[in-house]
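Here is how the chains run, residue by residue.
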Amino acid sequence: MSSSMEEISEYFSEKLQRQRSDSAASSSTQSTSSRQHVRQRLAMLLTCVDDLDTDHKLQTQVAKTLDEAFLVCRQIAGRPKKNPFRLYVVTWNVATAEPPDDVNALLQLNSPKKPDLYVIGLQEVRAAPLKFVSDLAFEDSWSHLFMDTLSPLHYIKVSSIRMQGLLLLFFSKLEHVPFIRDIQVTYTRTGLYGYWGNKGGVTIRLSFYGHMLCFLNCHLTAHMNYASQRVDEFEHILDAQNFNTKNTPHVLDHKVVFWFGDLNFRIEDHGMLFVRNCITSQRFNLLWPKDQLTMMKQKEVILQKFEEGPLDFQPTYKFDLNSDNYDTSGKKRKPAWCDRILWRVKPKASLTENTNEEEPEKQQEEEREDEFPLKMTQEYYTSKMEYGISDHKPVIGIFRLELRKMYETPLVQVFAEGEWSADFDAVITYRLLQAFASSAWDWIGLYKVGFKSVSDYITYAWVKDDQVSFNEELFQVYMNKDEIPVLGGECVLCYYSSNLQCIVGISQPFKVQESRAAIEEGLVPENINGLNQALAS
C-alpha cells in the first residue's frame with residue numbers, strides 16, 4: 001500500500017501544489033484537526049482523479065487504495081456506539097434525624113438533565129433496637145421518602161442494604177431495569193473490633209448493560225488522630241468483602257468502583273481561625289494540602305487507585321443544627337471535609353497478565369472489556385447547604401458514563417393475555433429471548449404502573465408451580481382472580497430471576513378492568529379505598 005501511495009503522490013505532485021499553497025496560510029495561523037485534514041486530502045484527490053487518463057496504470061492503484069480505506073471505515077462504523085448515562089451519587093450523615101419534608105433540591109429534580117441512576121448512601125440512620133427491627137420489616141422512613149419522591153418520575157428502587165445506621169439505596173429509571181443484573185450486596189462491620197455495625201461499609205455490586213459496577217458506602221472511625229486507622233479500616237473492608245462470582249470476586253475487580261460516605265478525614269495543623277478565614281473567603285485550596293485524605297493518598301498505595309474531584313465547596317462538618325454556622329458548642333470542632341465521593345476505573349491488564357495461560361476465562365473477560373470500553377467523567381461535585389437537620393451537610397457527585405452496551409435485549413419477554421379483571425383467572429405468556437439460569441423460584445409479579453420497588457407488587461405467580469402450558473418458545477402461567485385488584489388500573493408484569501436477584505423482563509403497560517361482580521355488589525371505589533386505608537393502618 002505504501003509503494004502505491006508513493007506512485008500516486010509523485011504523479012499528482014504538480015497538480016496538488018496549487019491546493020497545498022492555498023491551504024498553507026490557514027494552516028500556519030490555526031491548527032487543523034485530523035478529520036478536517038482527511039477531508040481536504042480527499043477533495044484534492046477527487047480534483048486530480050478527474051484529470052487522470054482512464055488508461056493510466058495508476059487508476060487501478062488509486063481504486064485499490066480507496067477500497068482499503070473504505071474497508072477500514074466500514075469496520076469502524078460497524079462497532080457498537082457508545083451510550084451516555086448520568087449517575088447521581090449522594091452521601092449524607094443524617095445524625096439519627098428523621099427525613100426532611102422535601103428532598104427535591106437534594107436530588108436536583110428540577111434539572112432538565114435527569115439522571116439514569118441514583119445511588120444514595122446514608123450514615124447514622126436512627127437504629128434504636130425496636131425501630132431497627134421495624135425498619136427491616138417495613139422499610140425505614142428514609143427509604144420511603146426517596147421511593148415516594150422518585151417513583152412518580154419512573155424510577156424504582158432496584159436494590160438496597162442496611163447495616164444498623166448505614167443505608168445504601170440504588171434507584172434506576174424503569175427502562176434500564178431489565179439490563180441491571182447479577183446484583184449482590186454485602187456488609188462489613190468495623191465498630192468494636194468488628195463486632196458492632198455502627199462503623200464499617202455496605203456494598204451493592206451489579207452489572208449495568210454488562211459492565212460491572214460496585215458502590216461502597218462507608219462510615220469510618222472518627223477524631224483527628226485516627227487517620228491511619230481509617231485507612232486500615234478501608235483496607236479491611238476491601239479484603240473482607242467477597243462476591244459469589246468468578247470474574248469479580250472482590251471490590252477492586254469491578255470495572256468501576258464508587259467509594260463514598262462519612263470517611264471522617266480531618267484538616268490537620270491549621271488553627272480554627274485560619275480554617276474559618278479560608279472558608280469565609282472561599283480560598284478552599286489553601287486547606288487542601290492539610291486535608292488528611294489528600295495527605296494519606298501521597299503515601300498509601302490503596303488510596304492512590306482512587307480519584308476525587310476538587311474540593312471546591314466548604315467543609316461539610318460540623319454545623320449547628322438547622323444552621324449554616326459551624327460548631328458553636330463547647331467542643332468547637334474544627335470544620336472538615338468528612339463527607340466524600342471517590343471513584344476508581346479499573347486499569348487495563350498488563351501484557352504479562354494477558355498472556356497467563358492458566359486463566360483463559362480471565363483473558364476472555366479482558367478481551368471483552370477491550371471490545372466494550374467504558375469512559376467516566378465527573379460533571380459536578382458539591383455540597384447541599386440548604387439542609388440543616390444534621391451536623392453534616394449532604395454531598396453530591398454527578399457522573400457521566402459512556403459505554404458500549406454488551407446487550408440490548410432483555411432476557412425475557414412477558415405480556416398479559418386477553419382481558420384482565422378480578423372476575424376470572426388471568427393468563428401470562430412469556431418467552432425466553434436469551435438463555436439464562438432460570439429457577440423454580442422465579443416468579444412474575446403484577447405491579448401498578450409507577451411502582452416503587454421490586455417488592456412493591458400487587459401479587460405474583462410462580463413460573464413453575466403456576467405454569468399451565470408451554471412449547472419450545474412460549475410459556476404460559478395463570479394468576480388467580482382473587483389476587484387481581486377489583487378496582488383495576490394500569491399495570492405491568494415483571495419477570496423476577498431468583499438466581500440473578502433482579503427483574504429480567506417487563507411487559508408493556510396494560511389495563512386491568514374493574515370487576516363487574518364488585519360493581520354489582522355495591523363495592524364502590526369509596527368503600528374499597530376506605531378498606532384499603534384501614535388495612536394499611
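Before reading further, recall that the structure is shown in the block above.
Before going into details, it helps to say that this report is about the structure given with it. The model shown is predicted, which means the values in this text are computed figures rather than measured ones. (Residues numbered from 1 in each chain as written. Predicted model: local features only at pLDDT ≥ 70, side-chain atom pairs only at ≥ 80, totals over all residues. Heavy atoms only, no water.)

Scanning the protein from terminus to terminus reveals 14 helices and 21 strands. Across the 537 residues that make up the protein, the buried fraction comes to 45%. Look at the contacts in the protein between residues 6 or more apart in sequence, and 69% of them connect residues 24 or more apart. About 28,000 Å² of surface is accessible on the protein, with carbon and sulfur atoms providing 50% of the total. (Helix = DSSP H or I, 4+ residues; strand = E, 2+ residues; numbered from the N terminus. Buried < 20%, exposed > 50% of the residue type's maximum accessible area, 1.4 Å probe, protein only. Contact = heavy atoms within 4.5 Å. Areas by Shrake-Rupley, 256 points an atom, 1.4 Å probe, with all protein chains shown as cover.)

Here we take up the sheet that holds strand β17 (residues 467-470). With antiparallel pairing, the 4 strands of this open sheet are ordered in space as β12-β14-β18-β17. With partners counted over all chains shown, the strands left at the sheet margins are β12 (412-417) and β17, one partner each. Pairs of neighbouring strands in the sheet enclose a mean axial angle of 25°, with direction left out of account. In this sheet, strand β14 (residues 426-432) lies alongside β12 in antiparallel orientation, the contact comprising 6 bridges. Among the inter-strand pairings, Ala416 is bridged to a residue of β14, identified as Ile428. (Pairing = 2+ DSSP bridges. Axes fitted to C-alpha atoms, helices over the stretch in contact; angles between N-to-C directions.)

Sheet architecture is open: 6 strands sit in the order β3-β4-β2-β1-β11-β10, paired in mixed fashion. The open sheet has two edge strands, β3 (155-163) and β10 (374-383), and neither has a second partner. For this sheet, the mean angle separating the axes of adjacent strands, direction not counted, is 15°. Two elements, strand β1 (residues 83-93) and strand β11 (residues 395-403), share 9 bridges in a ladder whose sense is antiparallel. Counterpart to Asn83 in the pairing with β11 is Leu403. Those strands touched by helix α6 (residues 141-150) are β1, β2 (117-123), β3 and β4 (166-173), and its axis lies near 15° from that of β4.

Judged by how many residues are buried, α6 sits mostly within the fold: 7 of 10 residues are covered. Taken as a whole, α6 has its buried residues at Trp142, Ser143, Leu145, Phe146, Met147, Thr149 and Leu150. Summarising the contacts, the buried residues of α6 are in contact with β1, α4 (104-107), β2, β3 and β4. By the N-cap criterion, in which a side-chain oxygen at the helix start approaches the backbone nitrogen of a residue two or three places on, α6 is capped by Asp140, the distance to Trp142 being 3.0 Å. (Polar contact = N/O pair within 3.5 Å; in protein donor to acceptor, adjacent residues only side chain to side chain.)

Along the chain, Tyr430 turns up in strand β14. For the pair Tyr430 and Gly505, spaced 75 residues apart in sequence, the C-alpha separation works out to 9.0 Å. If we ignore the near neighbours within four places in the chain, the residues touching Tyr430 are Val412, Gln413, Val414, Ile444, Val463, Gln467, Glu473, Leu474, Phe475, Val477 and Tyr495.

Here we take up the packing of aromatic side chains. As enumerated under the stated definition, the model contains 32 aromatic pairs in all. Plain terms: the ring middles of Phe215 and Phe258 are 5.3 Å apart, the flat faces sit at 5° to each other, and that makes the pair stacked. Of the two residues, Phe215 is situated in strand β7 (residues 211-219) and Phe258 in strand β8 (residues 256-262); the sequence distance between them amounts to 43 residues. Here Phe215 and Phe258 have matching classes, each one buried. Consider the rings of Tyr447 and Tyr457, whose centres lie 6.3 Å apart with planes at 85°: the pair is edge-to-face. (Phe/Tyr/Trp six-rings, centres within 6.5 Å; stacked < 30°, edge-to-face > 60°.)

Tallied over the entire structure, the rule returns 10 salt bridges. Across the pair Arg340 and Asp291 runs a salt bridge whose closest N-O atoms are separated by 2.9 Å. Taken as a pair, Arg340 in strand β9 (residues 339-345) and Asp291 in the loop between α8 (272-280) and α9 (292-297) lie far apart in primary sequence, 49 residues in all. Judged by relative accessible area, Arg340 falls into the buried class, the value being 0%. For Asp291, a relative accessible area of 0% puts it in the buried group. (Salt bridge = Lys/Arg side-chain N within 4 Å of Asp/Glu carboxyl O.)

Moving on to α8. Looking at α8, one finds that the buried residues are Val275, Cys278 and Ile279. An end-on view of α8 places all buried positions within 100° of arc, on one side of the element. Exposed side of α8, more than 90 degrees from the buried face: Leu273 and Thr280 are the residues found there. Gln282 sits one or two positions beyond α8 and adopts a positive phi of about 60°. (Arc of directions from axis to C-beta.)

On to the pairing of strand β21 (residues 510-513). Burial of the side chains of β21 is restricted to one face: Phe510 and Val512 are buried, whereas none of Lys511 and Gln513 on the reverse face is. Bridge count between strand β13 (residues 420-421) and β21: 2 bridges; the pairing is parallel. Note on β21: the bridge partner recorded for Trp420 is Val512. By the bridge criterion, 3 bridges tie strand β19 (residues 489-497) to β21 in an arrangement that is antiparallel. From the neighbouring strand, Cys491 faces β21, where its bridge partner is Phe510.

With that settled, the discussion passes to the environment of Lys405. For Lys405, the position within the fold is in the loop between β11 and β12. On the accessibility criterion, Lys405 (19% relative accessible area) is buried. Separated by 324 residues in sequence, Lys405 and Lys81 place their C-alpha atoms 8.2 Å apart. Each residue touching Lys405, except ones within four places of it in the same chain, is listed here: Asn83, Phe85, Tyr209 and Phe372.

Before going further, it helps to spend a moment on the side chain of Arg266. Along the chain, the position of Arg266 falls in the loop between β8 and α8. It turns out Arg266 is buried and unbridged, and the closest side chain with the opposite charge, Asp262, is 6.2 Å from it. Engagement of the side chain of Arg266 in a polar contact is seen with the side chain of Asn264, the distance being 2.8 Å. Beyond its immediate chain neighbours, meaning those up to four positions away, Arg266 contacts Ala222, His223, Met224, Arg230, Lys290, Asp291, Gln292, Tyr317, Ala336 and Cys338. (Lys, Arg positive; Asp, Glu negative; His and termini not counted.)

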